[in-house]
Amino acid sequence: MEQNGESRLKEPLLPASSGASPAGASPRKERKTRKVMFSVRGISCASCAVSIETVVAGLKGVESIQVSPLQGQAVVQYRPEETDTRTIKEAIEELNFEVDELQEQEIAVCRLRIKGMACTSCSESVERALQMVPGVKKAAVGLALEEAKVHYDPNVTSRDLIIEAVEDAGFGADLISSGDDVNKVHLKLEGLNSPEDTKLIQTVLETTEGVNHVEWDTVEQTIKVAYDPDITGPRLLIQCIQNAAQPPKCFNATLHSPPKQREAERNHEIRNYRNQFLWSCLFSVPVFLFSMVLPMISPYGDWLSYRICNNMTIGMLLRWLLCSPVQFIVGWRFYIGAYHALKRGYSNMDVLVALGTNAAYFYSVYIVLKALASSSFEGQDFFETSAMLVSFILLGKYLEVVAKGKTSDALSKLTELAPETACLLSFDKDGNTISETEISTQLLQRNDVIKIVPGTKVPVDGVVIKGQSHVNESMITGEARPIAKKPGDRVIGGTVNDNGCIIVKATHVGSETALSQIVQLVEAAQLARAPVQKLADKISRFFVPTVVVAAFLTWLGWFIPGQFHLYPKHWIPKAMDSFELALQFGISVLVVACPCALGLATPTAVMVATGKGASQGVLIKGGNALEKAHKIKAIIFDKTGTLTVGKPSVVQTKIFSKIPLLELCDLAAGAEVNSEHPLSKAIVEHTKKLREQYGSHSDHMMESRDFEVHPGAGVSANVEGKLVLVGNKRLMQEFEVELSPEVEAYMSETEELARTCILVAIDKIICGALAVSDPLKPEAGRVISYLKSMGISSIMVTGDNWATAKSIAKEVGISQVFAEIDPVGKAEKIKDMQMQGLTVAMVGDGINDSPALAAADVGMAIGAGTDVAIEAADIVLMKSSLEDVITAIDLSRKTLSRIRLNYVWALGYNVLGMPVAAGVLFPFTGIRLPPWLAGACMAASSVSVVCSSLLLQLYKKPLHVEDAPRPTDGTDLV
């Protein structure tokens, strides 16, 4: 059972998060690892990279090394107590390479939940506070997500100091996760009766191999353990705790599921705003009735006019008493927010609300006190303005929080895909099943063997080792058809097994699964700020001061003309004077302005769009990629694996010498076996099938030495003492191999059939050729046509020959073709097009297209499912269908349109609302906006922007392509 897919067990389904701590970093053993990056000159080919990796990997203390020949860089992970950067550098220099640059870095990452942010000014203040902390390299704060992601140097600062900086800025902060708890388990402990027991358990766990960190919660009697999944797992940790007890004591540990922090805090915030609103209504509604309703209903309201002392009435006193709790208890949050904002030198919505309510409240107090002291003074109080204003703003915040919670619905659904339990199999020494145990999915460990029956979900990522079935992966990749699975195939956690029983070996568990990586990728995307957000950021810097000045000018603009009787006296409502009318206009301007709507216009739309995209198999890495995608005017497609199915096969062979066919293929496969290129794999597979036809069932290929990849040309190697060249015409020309007319004719004939001709030369003599065919994807033609209708031009860039490239391009409808180009050349072509002012996207299969994906304005990795080169791409298309290229661009366009609509509404509301609140219409129509109604309008504007973003949940794919039967070719021998 071990051999099926065994070579692929260690390959990650998705690359590990950049925040992950190195495996085995154990505090008790001080085995911290560090990463160093060298810039190396003189790397000319893959063999140079291999030689560097071999030498450096052999040094004591070096855990891993990766060398990029294209970028001329080497990244080394090492243990500082066993080696240092100088030793590593000298080892590379001894191989006659020049090390120009030495850059050492140790960066930790933590995510924080930020409480109390109301608008863009708040998020900017938190970001500034974080960036001012010594040792913080980068900080990103998401307003809609209410999170911050901080990259920092752990040698300079700590998580506690970072949290303290946020709290000093006037906001709450809780740690969500850090780099050292990527793989962690929460355990509930029973049987502990003394501090000695607690210390014993902690010591046992800390000395257990593979445990990185132990955190104890004495109140809940729970323990959080971060561990290395390559060494240990949850079940082994529970066993260690149980074994630590000495009779008669008995320790027990069970899996503890802490409440989902984000959901719990969201619900707490919703309840908090709801309760505050209800409490404010308890006082505000009577104030409103006593001031606006009952005085108009005689005789029911006459008692409010009874005088207590001088001109102070019962109504005044009741309104004062009822308004004060709303102003200073329920509304205290606005004072706190305004204080911290002004303390840090910026202004936000809380400043506007505090100014407006204070102006109304304290002017009303002045009226009451003057009425109390004078028997002739008559004035109108505005207590209802202050109380109703606070109530409406709290109602708006309550509705806004409820709506914002729905923006992450798609992400929540993804996190809930994994099943709660799994069926674990146990085996005897002979490999026979001896038991089946149902356990929690969180207790699964790497290399566990699990049984998945029809109709159940796959609990974790793994490889099928027995059985066949079809698996529905639509919830992860968006692929509508169930995918056939057989031994050696991978399965993804959260997908549904349709019709067969399969036995799966777990390869990735916990936070390493594809599902967890997708969720982390989307969460990171939602934190990334879109360039279009800069408009709101710029406006927010001067928005509140401008509103305060406008409110003051409005007051002056009405008060001074009123004092000099420059407008008719009948404009002033009864029981008011010119000062009070001017004050009401000024307060209305203060509270009608809404910076929150501007701040929420972009992040809420990005949150909904990235979540919706993820549910359809399109992973968009942040607002920057989302915004750039809508500007795309040209798309460059790779051929193999992108426009074609990506599973080439040898369909014809040709011999040009007396060498036997099997020997020719054996030598070619011996050279190609070390290459990951799809064409290389096709040759190796063809050789295996040919051996079976000749009665040989061995999978072992001939040994090769001096293996070298020639990008865009082929490979060379020494096989059985012979120089074997396998590649195209350019490779033969590089090695000065003569091409006879017979070879040239066969190449032309093959390429006209849209096949790739691979030449095989032995000791610089061409002995044969293999024709390889890779059928087109059935949807390719329709997708290219649809892109044309969207105003986007399609270009094909491939390393294949011109004849094959032109034939494929003609079949799908692409007019512009560049052939025989190596990976670096593809990147150069992209840069040439960018110089012409075009926004260029690159669609590649993530195998050898990383330089081009990185060079493009928008890189889209397609076709390899969860094996895509995520680091290089801006957008990851989980399934191999080209229709998702259109989905990504169309979703981007719809999102940007929605963001613009949000801005039009938010800006338009402020542009129109402030003049109306200032009384521009009052002289002509008699219409004015009372402060309490202005506050209601402000609350409604934020809610409307969030609801507008939520409409993106209704997004539908613009193109659905039905799968057509794919052509197959037989293999001919010529």
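Conventions adopted
- Residues numbered from 1 in each chain as written.
- Predicted model: local features only at pLDDT ≥ 70, side-chain atom pairs only at ≥ 80, totals over all residues.
- Heavy atoms only, no water.
- UniProt positions renumbered as here; feature names shortened; annotations may be inferred.
- Helix = DSSP H or I, 4+ residues; strand = E, 2+ residues; numbered from the N terminus.
- Buried < 20%, exposed > 50% of the residue type's maximum accessible area, 1.4 Å probe, protein only.
- Contact = heavy atoms within 4.5 Å.
- Patch = residues over 30% accessible without salt bridge, like charges linked within 9 Å, V, L, I, M, F, W, Y side chains within 5 Å.
- Areas by Shrake-Rupley, 256 points an atom, 1.4 Å probe, with all protein chains shown as cover.
- Salt bridge = Lys/Arg side-chain N within 4 Å of Asp/Glu carboxyl O.
- Pairing = 2+ DSSP bridges.

- With an unreviewed UniProt entry as reference, the protein chain is termed P-type Cu(+) transporter, source organism Urochloa decumbens.
- Within the UniProt record for the protein chain, the comment given under Subcellular location (unreviewed entry) is "Membrane".
- In its Sequence similarities (unreviewed entry) section, the UniProt record describing the protein chain reads: "Belongs to the cation transport ATPase (P-type) (TC 3.A.3) family. Type IB subfamily."

Description of the side chain of Thr513
- Following the sequence through the fold, Thr513 ends up in the loop between β23 (502-508) and α14 (514-527).
- Looking at Thr513, the relative accessible area reads 6%, which means it is buried.
- When neighbours within four sequence positions are excluded, Thr513 is seen to be in contact with Val460, Asp461 and His508.

Section: a nonpolar patch on the surface
- On the surface, Met296, Ile297 and Tyr300 cluster together into a nonpolar patch covering about 380 Å² of accessible area.
- Relative to the helices and strands, Met296 is located in the loop between α7 (261-293) and β13 (307-309).
- The exposure class assigned to Met296 is exposed, which follows from its relative accessible area of 68%.

Points about the pattern of salt bridges
- If you walk through the whole model with that rule in mind, you get 18 salt bridges.
- Here Glu147 and Arg113 are joined by a salt bridge, their closest N and O atoms 3.0 Å apart. Remark: Arg113 occurs in strand β5 (residues 108-115) and Glu147 occurs in strand β7 (residues 147-152); sequence separation between them is 34 residues. This pair shows no difference in class: Glu147 is buried, exactly as Arg113 is.
- The salt bridge partner of Lys451 is Glu436, with a shortest N-O separation of 3.2 Å. In this pair, Lys451 is assigned in strand β17 (residues 449-452) and Glu436 in strand β16 (residues 433-440), connecting sequence segments 15 residues apart.

Side note on the sheet that holds strand β19 (residues 469-472)
- Overall, antiparallel pairing links the three strands, which are arranged β20-β19-β22 in an open sheet. Each edge of the open sheet carries a strand with a single partner, namely β20 (483-485) and β22 (496-497).

A look at the sheet that holds strand β21 (residues 490-491)
- Across the sheet, which stays open at both edges, the six strands sit in the order β16-β15-β17-β23-β18-β21 with antiparallel pairing between neighbours. Bordering the open sheet on either side are β16 and β21, each of which pairs with just one other strand.
- Pairing between strand β15 (residues 421-427) and β17: two bridges, direction antiparallel. Paired with Leu424 across the two strands is Ile450, which belongs to β17.

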